[in-house]
Amino acid sequence: MLAIIGGSGLTQLANLDIARHEVVRTPYGEPSGPLTFGSVAGSPLIFLARHGYGHTIPPHRVNYRANIWALREVGASGVVSVASVGGIRADCVPGRLIVPHQIIDYTHSRASTFHDGIDCAVIHVDLTHPYDHTSRAKLLRAGELVDEALIDGAVYAATQGPRLETSAEIDRLERDGADIVGMTGMPEAALAREAGLPYAAIAVVANFAAGRGTSGAAIQFEDIERTLLLAMVRVRRLIEAYCRLQ
Ligand code: HPA
């Protein structure tokens, strides 16, 4: 059963036929909210709003461990994350939907592993390719089916937030090879790998990153809301097509 973790702009799935909600407790505390079980296009699906259903949990306070643990606990077979980002690369303009292929992690002070027990064997996971190849391919195929021109591949820079970046920080991220910037991609992707859950993401460009394009002087928050509202209609359509491919 597929799980969707929705980010800013996607606190619910309008095309989800809801069957029930379930509060799940985990050894790591509470997830961002109750899990919503239902189906999309006849395919069972679990939905979780990353920032809570009232959008009250900032990126650095999301309990990523509890979220991933809870989804695995109830039988998720894979996770598709929806996350808004700032666009750095020239073609990553507001409104574009991207299926990233790599991550650089700039976050800190977040509980980022299930393997931090004392007195147990040290466990490392491979994260060479942080996003699951099959899930990515399926997302790209779903994009073709609904005529959504997805960008195939981008390096996602995960920043700590909740503040946005300075333009010099964006320049540095670009020199590092980052194409898009967001605040929630890590440790979510790493935890999904530790939990054995195939993980892929739909990155929604909400704004030009600081200092780029129309964000030259400052980032316009009113524009972000409008962009996300319009883009999420296409994201829902994409998820529906993805579900039909299950
Ligand atoms: N920076 C970091 N995270 C973001 C941005 C951004 O510009 N836009 C949406 N999430």
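Numbering of residues starts from 1 in each chain and follows the order in which that chain's sequence is written. Restriction of local features to residues with pLDDT of at least 70 applies here, the model being predicted, together with a cutoff of 80 or more for giving and counting side-chain atom pairs; totals for whole chains, interfaces and linings are based on all residues. To obtain the side-chain values, all non-hydrogen atoms of the structure were used and water was disregarded.

### Side note on the overall build of the chain
For the chain, the helix and strand inventory stands at five helices and eleven strands. Our radius of gyration is a C-alpha quantity, and the globule rule it is checked against amounts to 2.2 Å times the number of residues to the power 0.38. Relative to its length of 246 residues, the chain is compact, with a C-alpha radius of gyration of 17 Å against a globular reference of 18 Å. Its C-alpha atoms give the chain principal-axis dimensions of about 45 × 45 × 30 Å. Burial statistics for the chain: of 246 residues in total, 52% are counted as buried. Every residue pair with non-hydrogen atoms within 4.5 Å of one another is taken to be in contact. Residue pairs at least 24 apart in sequence account for 80% of intrachain contacts in the chain once pairs closer than 6 positions are excluded. Here the accessible surface of atoms and residues is derived via Shrake-Rupley with a 1.4 Å probe, and residues count as covered only by protein chains that are part of the display. Here the chain has roughly 11100 Å² of accessible surface; of this, 52% comes from carbon and sulfur atoms. Charged-residue counts in this description rest on Lys and Arg as positive and Asp and Glu as negative, His and the chain ends being excluded. Taken as the charge centre is NZ of Lys, CZ of Arg, CG of Asp or CD of Glu, depending on the residue. Charge centroids of the chain, computed over 22 positive and 26 negative side chains, lie 2 Å from each other. By the criteria applied, helices consist of DSSP H or I runs no shorter than four residues and strands consist of E runs no shorter than two, each listed in order from the N terminus. Residue burial is assigned from relative accessible area. The probe radius is 1.4 Å, only protein chains are included, and a residue is buried under 20% of its type maximum, exposed over 50%, and partly exposed in between.

### Some details on the site of the ligand
Around the ligand, the surrounding shell consists of Ser84, Val85, Gly86, Leu164, Glu165, Val181, Gly182, Met183 and Asn207. Polar contact is the term for a pair of N or O atoms within 3.5 Å; when the atoms are in protein, one must be able to donate a hydrogen and the other to accept it, and sequence-neighboring residues count only if both atoms are side-chain atoms. Note that a nitrogen atom of the ligand is positioned 3.4 Å from one of the backbone N or O atoms of Ser84. Asn207 has a polar side-chain atom sitting 2.7 Å from a nitrogen atom of the ligand. Relative to its unbound accessible area of 260 Å², the ligand is 92% covered by the protein chains. Elements with a contribution of two residues or more to the shell around the ligand: strand 5 (78–87) and strand 10 (180–182). Three residue categories are used. Nonpolar comprises Ala, Val, Leu, Ile, Met, Phe, Trp, Tyr, Cys and Pro, charged comprises Asp, Glu, Lys and Arg, and polar comprises the others, including Gly. The residue inventory of the shell around the ligand, partitioned by class, reads four nonpolar, four polar and one charged. The rule for a residue being near a molecule or strand is that one of its heavy atoms must lie within 4 Å of it.

### Notes on the nonpolar core
To form a nonpolar core, buried Ala, Val, Leu, Ile, Met, Phe, Trp, Tyr and Cys residues must be joined to one another through side-chain atoms within 4.5 Å. In this structure, Ile4, Leu45, Val82, Ile202, Val204, Val235 and Ile239 are the most contacted members of the largest nonpolar core, which totals 41 residues. Taken together, the elements giving at least two residues each to this core come down to strand 1 (2–6), strand 4 (43–49), strand 5, strand 6 (97–99), helix 2 (133–145), helix 3 (167–176), strand 11 (199–208) and helix 5 (221–244). The biggest single contributor to this core is helix 5, with ten residues. Non-local contacts of Val82, meaning those with residues more than four positions away in its chain, are made with Ile4, Ile5, Gly6, Gly7, Leu10, Arg50, Ile202, Val204, Met232, Val235 and Ile239.

### Focus: the environment of Ala14
With respect to the helices, strands and loops of the structure, Ala14 is situated in the loop between strand 1 and strand 2 (17–22). With 222 residues separating them in the primary sequence, Ala14 and Arg236 have C-alpha atoms 7.6 Å apart.

### What about the packing of aromatic side chains?
A pair of Phe, Tyr and Trp rings is counted when the ring centres sit within 6.5 Å of each other, with Trp represented by its six-membered ring. The angle between the planes then sorts it: under 30 degrees is stacked, over 60 is edge-to-face, the rest tilted. What the rule picks out here adds up to four aromatic pairs. A centroid spacing of 5.6 Å and a plane angle of 55 degrees characterise the contact between Trp69 and Phe114, whose relative ring orientation is tilted. Note that Trp69 is positioned in helix 1 (residues 64–73) and Phe114 in the loop between strand 7 (102–105) and helix 2, a separation of 45 residues in sequence. A relative accessible area of 12% means that Phe114 is categorised as buried. An aromatic cluster of three or more residues is present, and its members are Tyr28, Trp69 and Phe114. The rule for a charge over a ring is simple: NZ of Lys or CZ of Arg within 6 Å of the ring centre, and within 35 degrees of the ring normal. Geometry around Phe37 places Arg20 over its ring, the cationic atom sitting 3.9 Å from the centre.

### Section: the pairing of strand 1
For strand 1, a buried count of five out of five residues is recorded, marking the element as mostly surrounded by other parts of the structure. Burial along strand 1 is two-sided: Leu2, Ile4 and Gly6 facing one way and Ala3 and Ile5 facing the other are all buried. Note on pairing: DSSP must find at least two bridges between two strands before they are called paired. Sheet analysis places strand 1 next to strand 4, joined by five bridges and oriented parallel. By the bridge assignment, Ala3 is partnered in strand 4 with Ile46. Sheet topology places strand 1 next to strand 5; four bridges connect them, and they run parallel. Looking at the pairing, Ala3 lines up with Val79 of strand 5.

Keep in mind that these numbers describe shape and distance, not what the molecule does.
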